[in-house]
Amino acid sequence: MREWPLRGRFPSSAGEVRWDSFGAGGDPVVLAHGTPFSSLIWREIAPALAAHHRVYVWDMPGYGRSAAYDGQDVSLAAQATVLTELLGHWGLTRPLMVAHDSGGAVALGAHLLHGAAYARLALVDAVTLPPWGSPFFELAGAHIDVFARLPAELHDGLVRAYIGTASSPGLTAATLDALAAPWRGDDGRAAFYRQLDQRRADPAFIDQLIGGYPGIRMPVLVCWGADDRWIPADRGRELAARIPGARLRVIPGAGHLVQEDHPAELAAALLAFLHGIG
């Protein structure tokens, strides 16, 4: 497992954000993660991009190593505001943006609702159209009070099993451990169900965005795992059809976590798109 220090700290409107940047001095690239993950999902992709770009990674408030606390607003609307704040903090006016899962909605919200400008936007298995969410997401979201009382051992096993369904070929034990680690312990368990509960209200946020898709004028890549069981590839095809000029890339054999299932193919697709050659 790669070292992932996240040395930067930013006091956002939704709590302290942990972030980092590294790589060459080329055009900046910002990587956004989704639910229930953290910036760690980019650990195999970021080094490939960093050979040509300055890469910025961050954990959304309530996720990974960023602040998590009772009463915290971790809605997609709040995360879009935080991303806008971060771009200002970093001094980035038109970065290249790559966003996965609900990070796609966050990146689109920052652009369509707050005026954040990107030179190019890549959306990877992104939360952008209804309906969305895995069967577990729907079940647990409807019974948060029950799931939140699970004993620690059952909760830990459930989170690992849930994350495991995001991969088509399957994740290694070490990867599962790393991705599930932020949700362990009393604080982690509370944070897990807090974000899951607030995700249920986010379709209203998505509804605000959908009408803006035809007006997006930057180059857009829609990249999807062909075997995504969380958000089927047909959703990616529909998204690409709604954004003028958007390119579609479907990666065979990959599930929702394309970064884990086929990192080389994803890195190649992103580099070609970010450089305007694919």
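So, here's what we can say about the structure. Since the model is a prediction, treat every value here as computed from it, not as a measurement.

1. A closer look at the overall build of the chain
Thinking step 1. Looking only at helices and strands, the chain features twelve helices and eight strands.
Thinking step 2. Relative to the compact-globule value of 19 Å for 278 residues, the chain shows a C-alpha radius of gyration of 17 Å, a close match.
Thinking step 3. Principal-axis analysis of the C-alpha atoms places the extent of the chain at approximately 50 × 40 × 35 Å.
Thinking step 4. Relative to its 278 residues, the chain shows a buried fraction of 56%.
Thinking step 5. Of the contacts formed within the chain by residues at least 6 apart in sequence, a portion of 77% connects residues at least 24 apart.
Thinking step 6. Between the centroid of the 23 positive side chains of the chain and the centroid of its 28 negative side chains there is a distance of 5 Å.

2. Things to note about helix 8 (residues 185-199)
Because an α-helix packs 3.6 residues into every turn, residues spaced three or four apart end up facing the same way.
Thinking step 1. Taking 1.5 Å of rise per residue, the 15 residues of helix 8 would be expected to cover 21 Å, and the 21 Å separating its terminal C-alpha atoms lies within 8% of that figure.
Thinking step 2. On its buried side, helix 8 packs onto helix 2 (76-90), helix 4 (135-142), helix 5 (144-147), helix 6 (152-164) and helix 9 (203-210).

3. Some points on the nonpolar core
Thinking step 1. Counting residues in each nonpolar core, the largest one holds 98 residues, and the members touching the most others are Trp58, Leu83, Tyr118 and Tyr213.
Thinking step 2. Considering every element that reaches this core, the biggest residue donor is helix 2, with seven residues.
Thinking step 3. If we skip the residues at most four places from it in the chain, Leu83 touches Val30, Trp58, Met97, Val106, Ala107, Ala110 and Tyr118.

4. Comments concerning the pattern of salt bridges
Thinking step 1. In the structure shown here, the tally under the stated rule is ten salt bridges.
Thinking step 2. Between Asp20 and Arg7 there is a salt bridge; the shortest N-O distance is 2.7 Å. Of this pair, Asp20 sits in strand 2 (residues 15-23) while Arg7 sits in the segment before strand 1 (8-12), placing them 13 residues apart in sequence.
Thinking step 3. Given a relative accessible area of 58%, Arg7 falls into the exposed group.
Thinking step 4. One salt bridge connects Asp156 with Arg184, and the closest N-O pair in it is separated by 3.4 Å. One end of the pair, Asp156, is in helix 6; the other, Arg184, is in the loop between helix 7 (173-180) and helix 8, and 28 residues separate them in sequence.
Thinking step 5. Since its relative accessible area comes to 17%, Asp156 is described here as buried.

5. Description of the side chain of Asp101
Thinking step 1. For Asp101, the location among the structural elements is in the loop between strand 5 (96-100) and helix 3 (102-114).
Thinking step 2. No salt bridge is formed by the buried Asp101. Its closest oppositely charged neighbour is Arg199, at 7.3 Å.
Thinking step 3. Polar contacts involving the side chain of Asp101 include one to the side chain of His256, which spans 2.6 Å.
Thinking step 4. In this view, Asp101 contacts Gly34, Thr35, Val124, Asp125, Ala126, Val127, Trp230, Ile231 and His256; residues no more than four positions away in its chain are not counted.

What counts as what
Once a new chain begins, its residue numbering starts again from 1 and follows that chain's sequence as written. Under the rules for a predicted model, residues below a pLDDT of 70 receive no local features and side-chain atom pairs below 80 are neither given nor counted, while totals for whole chains, interfaces and linings still include all residues. Note that water and hydrogens are dropped before the side-chain values are worked out from all heavy atoms of the structure. Note on conventions: DSSP H or I runs of at least 4 residues are helices, E runs of at least 2 residues are strands, and numbering of each starts at the N terminus. What the globule rule says is 2.2 Å times the number of residues to the power 0.38, and the radius of gyration is computed from C-alpha atoms. Buried means the residue's accessible area, taken with a 1.4 Å probe over protein chains only, is under 20% of the maximum for its type, while exposed means over 50%, and partly exposed covers the values in between. In this analysis, two residues are considered to be in contact whenever any of their non-hydrogen atoms come within 4.5 Å of each other. When charges are counted, Lys and Arg are positive and Asp and Glu negative, with His and the chain ends excluded. Positions of charges follow a simple convention, taking NZ of Lys, CZ of Arg, CG of Asp or CD of Glu. Expected helix span is taken as 1.5 Å per residue step, with the number of steps being one fewer than the number of residues. Buried Ala, Val, Leu, Ile, Met, Phe, Trp, Tyr and Cys residues form a nonpolar core when they are joined through side-chain atoms within 4.5 Å. Here, a salt bridge means any side-chain nitrogen of Lys or Arg that lies within 4 Å of a carboxyl oxygen of Asp or Glu. Pairs of N or O atoms are called polar contacts if they sit within 3.5 Å, as long as, within protein, a hydrogen donor faces a hydrogen acceptor (for residues adjacent in sequence, only side-chain-to-side-chain pairs).

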